[in-house]
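Below, each chain spelled out in residue letters.
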Amino acid sequence: KRRCEKVGEANGVLFYDDYAHHPAEIRATLKAFREKFPGKRICVLFQPHTFSRTKAFLNEFINSFNDADIVGIADIFSSSRETKDESISVEMLANEIKKQGKDALYVKNTGDFVAKLGPNKVKNDIIITMGAGDIYTWHKKVIEALISKGK
């Protein structure tokens, strides 16, 4: 469960969920998806896990999404053992990923992500929720929003 797990299909779009939250895991997972689905647009909704990990691995995270076409970055899922670190943010991470030539953005909620896919959404997309936090709960809302947009 939560490792390249297919969680749904709607209007020709395949939905997956993965627990990857370390840059090496993200890179390996997306490489596998790219190999399995060549030529399809891969859209990732990623939730970083902890401020300290996001800050410590910032440079590695920036290059982890090379096999994704669109990267939505949700708010950091914090740990109860840490406080918010103002020196790191998801906006910073999204902007750095953009500098690598990727279509990346900060998303506050599923509506932001679906709006980004909006008119550019094509049948046969692969949409992956990814992270160790509660991001796995978002895929149902993304599926529902895309189905309602497709009608």
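Please refer to the structure higher up on the page.
Residues numbered from 1 in each chain as written. Predicted model: local features only at pLDDT ≥ 70, side-chain atom pairs only at ≥ 80, totals over all residues. Heavy atoms only, no water.

1. Re the pairing of strand E2 (residues 13-18)
This is how the line gets drawn: Relative accessible area decides the class of each residue, using a 1.4 Å probe on protein chains only: under 20% of the type maximum gives buried, over 50% gives exposed, and in between gives partly exposed. A run of H or I in DSSP counts as a helix once it spans at least four residues, and a run of E counts as a strand once it spans at least two, with each numbered from the N terminus. Criterion used throughout: strands pair if DSSP finds at least two bridges between them.
In terms of burial, E2 is largely enclosed, as six of its six residues are buried. Residues of E2 alternate between two faces, with Val-13, Phe-15 and Asp-17 on one and Leu-14, Tyr-16 and Asp-18 on the opposite face, all of them buried. Pairing geometry for strand E1 (residues 5-10) and E2, over five bridges, is antiparallel. Of the residues in E2, the one forming a bridge with Ala-10 is Val-13. The loop that links E1 with its antiparallel partner E2 comprises two residues; one of these, Asn-11, has a positive phi angle of about 50°. Two elements, E2 and strand E6 (residues 126-131), share five bridges in a ladder whose sense is parallel. Each bridged residue has a counterpart across the sheet, and for Leu-14 the counterpart in E6 is Ile-126.

2. A closer look at the sheet that holds E2
Note on sheets: strands pair through backbone hydrogen bonds, and any given pair is parallel or antiparallel. Definition in use: Fitted lines through C-alpha atoms give the axes, limited to the stretch in contact for helices. The angle between two N-to-C directions lies from 0 to 180 degrees. Should any heavy atoms of two residues lie within 4.5 Å, those residues are considered in contact.
Pairing in this open sheet of six strands is mixed, and the strands run E1-E2-E6-E3-E4-E5 from one edge to the other. If you trace the sheet from one side to the other, it starts and ends with E1 and strand E5 (103-106), each paired once. Taking each pair of neighbouring strands and ignoring which way they run, the sheet shows an average axis angle of 20°. Note: strand E3 (residues 42-47) against strand E4 (residues 70-73), four bridges, orientation parallel. In the sheet register, Cys-43 faces E4, and the bridge partner there is Ile-70. Relative to E6, helix H1 (residues 23-36) is tilted by about 165°, and along the sheet it contacts E2, E3 and E6. Here helix H5 (residues 110-117) sits on the sheet and contacts E3, E4, E5 and E6; the angle it forms with E3, its principal contact strand, is near 160°.

It is worth stressing that arrangement in space is one thing and function is another; only the former is reported here.
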